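Report on the structure
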Amino acid sequence: MNLLLEIVLKNGLLLDAVGVIGLGLLGLAAIKLARRDQSWGGTMMSVGAIALLLARLYLLVSPHIIDDSILHMIGPIGISLTIAVPPLLLTLGLAGIVWGLWGHERWLSEESL
Amino acid sequence: MMQIPPLPLASIEAVRPVFLIIMGIFLMVIAWRLSKIATGWAARMIVAGALLLGFGYAIVMPLYEAGVIERYAPGRTHYHGTAATALAWQAVKLLSMNCGWLFFGLGVALHAKLLSAPAPRRATNPSTFVSNESAA
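In what follows, the accompanying structure is described.

Scoring rules and cut-offs
Residues numbered from 1 in each chain as written. Chains lettered and ligands numbered in written order. Predicted model: local features only at pLDDT ≥ 70, side-chain atom pairs only at ≥ 80, totals over all residues. Contact = placed C-beta atoms within 7 Å. Helix = DSSP H or I, 4+ residues; strand = E, 2+ residues; numbered from the N terminus. Nonpolar A, V, L, I, M, F, W, Y, C, P; charged D, E, K, R; others polar. Buried ≥ 20, exposed ≤ 12 C-beta atoms within 10 Å, placed from the backbone. Axes fitted to C-alpha atoms, helices over the stretch in contact; angles between N-to-C directions. Parallel < 35°, antiparallel > 145°, perpendicular 65-115°, else oblique. Left-handed = near helix turned anticlockwise from the far one by under 90°. Expected span 1.5 Å × (residues − 1). Bend = angle between axes of the 7 residues up to and from the residue.

1. Comments concerning the interface of chain A and chain B
Where interface size is given, it is often the accessible area lost as the parts come together that is meant. Contacts between chain A and chain B engage 29 residues on the former and 27 residues on the latter. The set of elements that each furnish at least two residues to the side of chain A that touches chain B consists of α1 (3-10), α2 (13-37) and α4 (68-112) of chain A. Considering each element in turn, the side of chain A that touches chain B owes the most residues, 14 residues, to α2(A). Looking at side-chain class alone, the side of chain A that touches chain B contains 19 nonpolar, six polar and four charged residues.

2. Digging into the environment of Gly12(A)
Residue and element names in this part refer to chain A. The residue Gly12 is located in the loop between α1 and α2 in this model. Accessibility expressed as a C-beta count within 10 Å gives 16 for Gly12, which makes it partly exposed. Considered as a pair, Gly12 and Leu60 are 48 residues apart in the sequence and their alpha carbons are 9.7 Å apart.

3. Quick notes on the packing of α2(A) against helix α3 (residues 40-65) of chain A
Residue and element names in this part refer to chain A. It is at 8 Å that the axes of α2 and α3 come closest, and there the two elements cross at 155 degrees. In terms of their interaxial angle, α2 and α3 are classed as roughly antiparallel. By crossing handedness, the relation of α2 to α3 is classed as left-handed. Counted together, Asp16, Gly19, Val20, Leu23, Gly24, Leu26, Gly27, Ala30, Ile31, Leu33, Ala34 and Asp37 of α2 and Gly42, Thr43, Met45, Ser46, Ala49, Ile50, Leu52, Leu53, Arg56 and Leu60 of α3 form the full contact between these two elements.

4. Topic: the environment of Arg56(A)
All names here are of chain A. The topology assignment puts Arg56 in helix α3. On a C-alpha basis, the gap between Arg56 and Ile74 in space is 21 Å, while along the polypeptide they are 18 residues apart. Setting aside residues no more than four positions away along its own chain, Arg56 makes contact with Gly19, Val20 and Leu23.

5. Regarding α4(A)
All names here are of chain A. With 45 residues, α4 ought to run about 66 Å at 1.5 Å a step, yet its terminal C-alpha atoms sit only 57 Å apart, falling short of that. In α4, a bend of some 115 degrees at Gly75 exceeds every other bend along the element, and Pro76, a proline, comes one to four places later. For α4, the full list of buried residues reads Leu89, Gly93, Leu94, Gly96, Ile97, Val98, Gly100, Leu101, His104, Glu105 and Leu108.

By themselves these figures say nothing about function.
Here is the structure:
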């Protein structure tokens, strides 16, 4: 395999770090928007960004910490939660960010009128 | 040639891909409208990020969910297609999603003036400084 592809893909750390940094910036900026402008879009966007960050961190960490003993400890409901919650967080996070961005855009255009 | 499995639109299995497509398109449209209000590099970064994310969410992710593109896993040896194709799509997905979030986050951060330095503090009472100097 090509060396560059190997660095980028095999451990995936570089690109994941890029994505996590972007999401973190998005969350911080949304919180600042919400505090400075009192626009509800910023709050919604920060909630969405935090949900996406949580799901992504879980997906990054889970292969290293989840093993049979933990699965045995949390039981069937916990196992189904580990399957169900990350996609739910990803979906809701994306919806929150898009909704928040829409709200902020509407707030801005009302402000500029 | 890979057979595309039949996937009726808006059935329970197709809700998430349809949702992702709608969100991706909506994100691009809102970013375009926001770019008319925001100015300069913030607008450019937001639009660039939204285009990458829209490509990722509206095209690549639904293709993954529909099973048209095979998932790449490092230890996996058996693919229906070729391993190189799966690897290439994995690269496309990782690049578009992660760089999309980075650009979008940077754009919104610039828009919120998160990265700019705070306004320099004004000297509150310059007259004392002047009088001291004249006394010396």
